[in-house]
Amino acid sequence: MSGPRPPLLRWMRAAAMVGGLPVAAVAALVASGQANPVPGIYAMVVIAVSAMAVSRIWLGNLLRLGERLRGASNDTAQPLVLDDTPLLPAVREVADGVTRLTRSLAERGALVERLRRSDATIIEALPDPLLVLAENRTLLRANGAARALLGLSGAPRGGDAAALLRHPVLADAVDQALRDGAPHAADIMLPVPIPRDIAAQVIPMNPPLADGGRLMLVLADRTRERAVERMRADFVANASHELRTPLASLIGFIETLRGPAEDDAVARTRFLGIMAEQAERMRNLIDDLLGLSRIELTEHQAPTGSADIAAIARAEADAMAPILAGRRASLRVEAPEAALARPADAEQIAQIIRNLLENAIRHGREGGEVALTITHGPRKGVTLTVQDDGIGIAKEHIPRLTERFYRVDKGRSRNAGGTGLGLAIVKHIVIRHRGQLNIESQEGVGSRFSVWLPAD
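Residues numbered from 1 in each chain as written. Predicted model: local features only at pLDDT ≥ 70, side-chain atom pairs only at ≥ 80, totals over all residues. Heavy atoms only, no water.

Within the protein, the regular secondary structure consists of 14 helices and 12 strands. The 456 residues of the protein split such that 39% are buried. Taking as baseline every contact in the protein between residues at least 6 positions apart, the subset at least 24 positions apart corresponds to 62%. Split by element, the accessible area of the protein, about 25,100 Å² in all, is 57% carbon and sulfur. (Helix = DSSP H or I, 4+ residues; strand = E, 2+ residues; numbered from the N terminus. Buried < 20%, exposed > 50% of the residue type's maximum accessible area, 1.4 Å probe, protein only. Contact = heavy atoms within 4.5 Å. Areas by Shrake-Rupley, 256 points an atom, 1.4 Å probe, with all protein chains shown as cover.)

Here it is in structure tokens:
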């Protein structure tokens, strides 16, 4: 007979309960002389053996049923199979019921698991960032869009999630949602590493989710929309201000050519040359404004891919030949065979180098030397440095050099052909790449611009 064996003490107690009364009755009959002692003793032995056998079967059935019930409670329920263990009639009815119960629980468990997987798949595929919080504000789950927005990887912690959940405006919305049991909205600003405008919707879950989720946060990144609004306003303001001077010059020359200089071939040739320069200046200004606006529009989105800064630096240095010839300057390049930055946008890295080189050549000493150096480090990254031997910049001007249209010497900057946006473009590209820009200058000695870019 197979099946679990009951403990001996429990077996003896059960046998005593089953056969104790019949054995006592037969013993009383023998003791009173109403029954023959020998048959009476045989009867008591038979009763005791039968009681032990029945108790053995009974306890074995109960132990097997207990195992199946424990399995059902642990979500490991299987149909009840008792092998060749005989079942008492009453236990058979219970066993059939347990079998039906375990099968039903197994089917329901499988259904719940399928629904849970479907739920996780749907949440993961949602385009909007979504977070699930416990009642104590612990982050339980984050879908793919939320992990990308907040820099989460692996377990739902780290990145910008901690800063988001500690934000006082969002914390207040969470408190109100828990208190009122109704959704609440919050508009917040995440200042690091890149400023981002986030619209959050806090939705309480009643009853809570299976994993203890009590709150659902639906996030919407409004950074791009706000950047578009600022870009439009800045573009109109900057264009109207900076284009006024060259446009006034063009109008004045056109009026002069239509009037007093109409038949003056020498003046016409000179004026047309100046008009071409002013038109080129306006074109460059508009190109730089549009380029800066595009960079600011994607500044909150980290770049992807990699860039060989050494190779890009050599290519941009070769392209500087016409400007170097115009200033009678020389360019010295020191770069390793390869210097890989990652993540990085190769086109924007080229724009950094191009703007820094043009700035150094145009504002450096005529006939001087510009040095472009690429080195590994510090930390895990690449540093590119552009140094000139010009007149230098006073210390009070250095903090404002990356502002739009800020010029230390406005007349000299315009004569050099700059738009006043080169360093502003460099700053915003460096911010997008999570890098660092450092400016050092000494009057009468020259200036040094260093850009550090990460290399993961």
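Turning our eyes to something else, we now look at the pattern of salt bridges. Any two side chains of opposite charge can pair, given that their charged atoms come close. One pass over the full model with this rule turns up 12 salt bridges. A salt bridge links E124 to R147; the shortest N-O distance between them is 2.4 Å. Taken together, the residues span a long stretch of sequence, with E124 in helix α3 (residues 89-125) and R147 in helix α4 (residues 144-150) at a distance of 23 residues. Of the residues examined, E124 reaches a relative accessible area of 36% and is grouped as partly exposed. (Salt bridge = Lys/Arg side-chain N within 4 Å of Asp/Glu carboxyl O.)

A separate point is the sheet that holds strand β7 (residues 330-334). Pairing within the open sheet is mixed, and its five strands lie in the order β7-β9-β10-β12-β11. Across the chains shown, the open sheet's two edge strands, defined by having one partner strand only, are β7 and β11 (436-442). Geometrically, the sheet is characterised by an average inter-axis angle of 10° between neighbouring strands, direction not taken into account. Summarising the sheet, β11 and strand β12 (residues 446-454) pair through seven bridges and their orientation is antiparallel. Within the sheet, the bridge partner assigned to I439 lies in β12 and is F449. Each of β11 and β12 is contacted by helix α14 (residues 422-432), which is oriented at about 145° to β11, the strand it contacts most. (Pairing = 2+ DSSP bridges. Axes fitted to C-alpha atoms, helices over the stretch in contact; angles between N-to-C directions.)

Further remarks concern the packing of aromatic side chains. According to the stated counting rule, one finds one aromatic pair in the structure shown. Judged by centre distance (5.0 Å) and plane angle (35°), the rings of F253 and F271 are tilted. Separated by 18 residues along the polypeptide, F253 in helix α8 (residues 244-258) and F271 in helix α9 (residues 265-297) bring together distant segments of the chain. In this structure, F253 and F271 share a single accessibility class: buried. (Phe/Tyr/Trp six-rings, centres within 6.5 Å; stacked < 30°, edge-to-face > 60°.)

Using a probe with the size of a water molecule, rolled over the atoms, empty space left in the structure can be pinpointed. In this structure the tally under the stated criterion is two cavities of 30 Å³ or more. What the second largest cavity holds in volume is close to 30 Å³. Around the second largest cavity, the lining residues are A329, A360, I361, G364, R365, G368, E369, V370, D388 and D389. Counting residues per element, the ones that place at least two in the lining of the second largest cavity are α12 (346-363) and β9 (369-376). The residue inventory of the lining of the second largest cavity, partitioned by class, reads four nonpolar, two polar and four charged. (1 Å grid on protein atoms, 1.4 Å probe; cavity = no way out; pocket = protein on both sides within 12 Å on 5 of 7 lines; lining within 4 Å. Points joined across faces, edges and corners; volume = space filled by probe spheres on them. Nonpolar A, V, L, I, M, F, W, Y, C, P; charged D, E, K, R; others polar.)

Our focus in this paragraph is the sheet that holds strand β1 (residues 130-133). As summarised here, the arrangement of the five strands in space is β2-β1-β5-β4-β3, forming an open sheet in which the pairing is antiparallel. The open sheet has two edge strands with one neighbour each: β2 (139-142) and β3 (184-190). This sheet shows a mean twist of 25° between the axes of neighbouring strands, independent of strand direction. Alignment of β3 against strand β4 (residues 196-204), held across seven bridges, turns out to be antiparallel. Note on β4: the bridge partner recorded for M189 is D197. Contacts from helix α6 (residues 168-180) reach β3, β4 and β5 (215-221) within the one sheet, and its direction differs from that of β3 by about 165°.

Moving on, we come to the side chain of Q278. Along the polypeptide, Q278 turns up in helix α9. Classification of Q278 as buried rests on a relative accessible area of 15%.

Turning our eyes to something else, we now look at the nonpolar core. Grouped together as the largest cluster of nonpolar side chains are 55 residues, with contacts concentrated most on I309, I349, I352, I353, L356, I374 and L384. If sequence neighbours within four positions are ignored, I353 has contacts with I309, I312, A313, E316, L372 and L384. Formed by 21 residues, the second largest nonpolar core is a distinct cluster that contains L164, A173, V202 and L219. (Core = buried A, V, L, I, M, F, W, Y, C linked by side-chain atoms within 4.5 Å.)

Here we come to helix α10 (residues 309-319). Those residues of α10 lying buried are I309, A310, I312, A313, E316 and A317. The arc that holds every buried residue of α10, seen down its axis, measures 160°, which confines them to one face. For α10, the N-terminal cap is D308; the gap from its side-chain oxygen to the backbone nitrogen of A310 is 3.2 Å. (Arc of directions from axis to C-beta. Polar contact = N/O pair within 3.5 Å; in protein donor to acceptor, adjacent residues only side chain to side chain.)

A pair of packed helices can be characterised by two numbers: the angle between their axes and the separation between those axes. It is the contact of α8 with α9, at a shortest axis distance of 9 Å, that shows an interaxial angle of 155°. Accordingly, the angle class assigned to the pair α8 and α9 is roughly antiparallel. Here the hand of the crossing between α8 and α9 comes out left-handed. Contacts from T245, P246, L247, S249, L250, F253, I254, T256 and L257 of α8 reach α9 at R268, F271, L272, I274, M275, Q278, R281 and M282. (Parallel < 35°, antiparallel > 145°, perpendicular 65-115°, else oblique. Left-handed = near helix turned anticlockwise from the far one by under 90°.)

When the terminal C-alpha atoms of α6 are compared, their 18 Å separation across 13 residues agrees well with the 18 Å that a helix rising 1.5 Å per residue should span. Among all positions in α6, only L170, A173, V174 and A177 are buried. Considered in projection along α6, the buried side chains sweep an arc of 100° and stay on one side of the axis. In α6, the exposed residues that point more than 90 degrees away from the buried face are P168 and R179. Two residues or fewer past α6, G181 is found with a positive phi of approximately 70°. (Expected span 1.5 Å × (residues − 1).)

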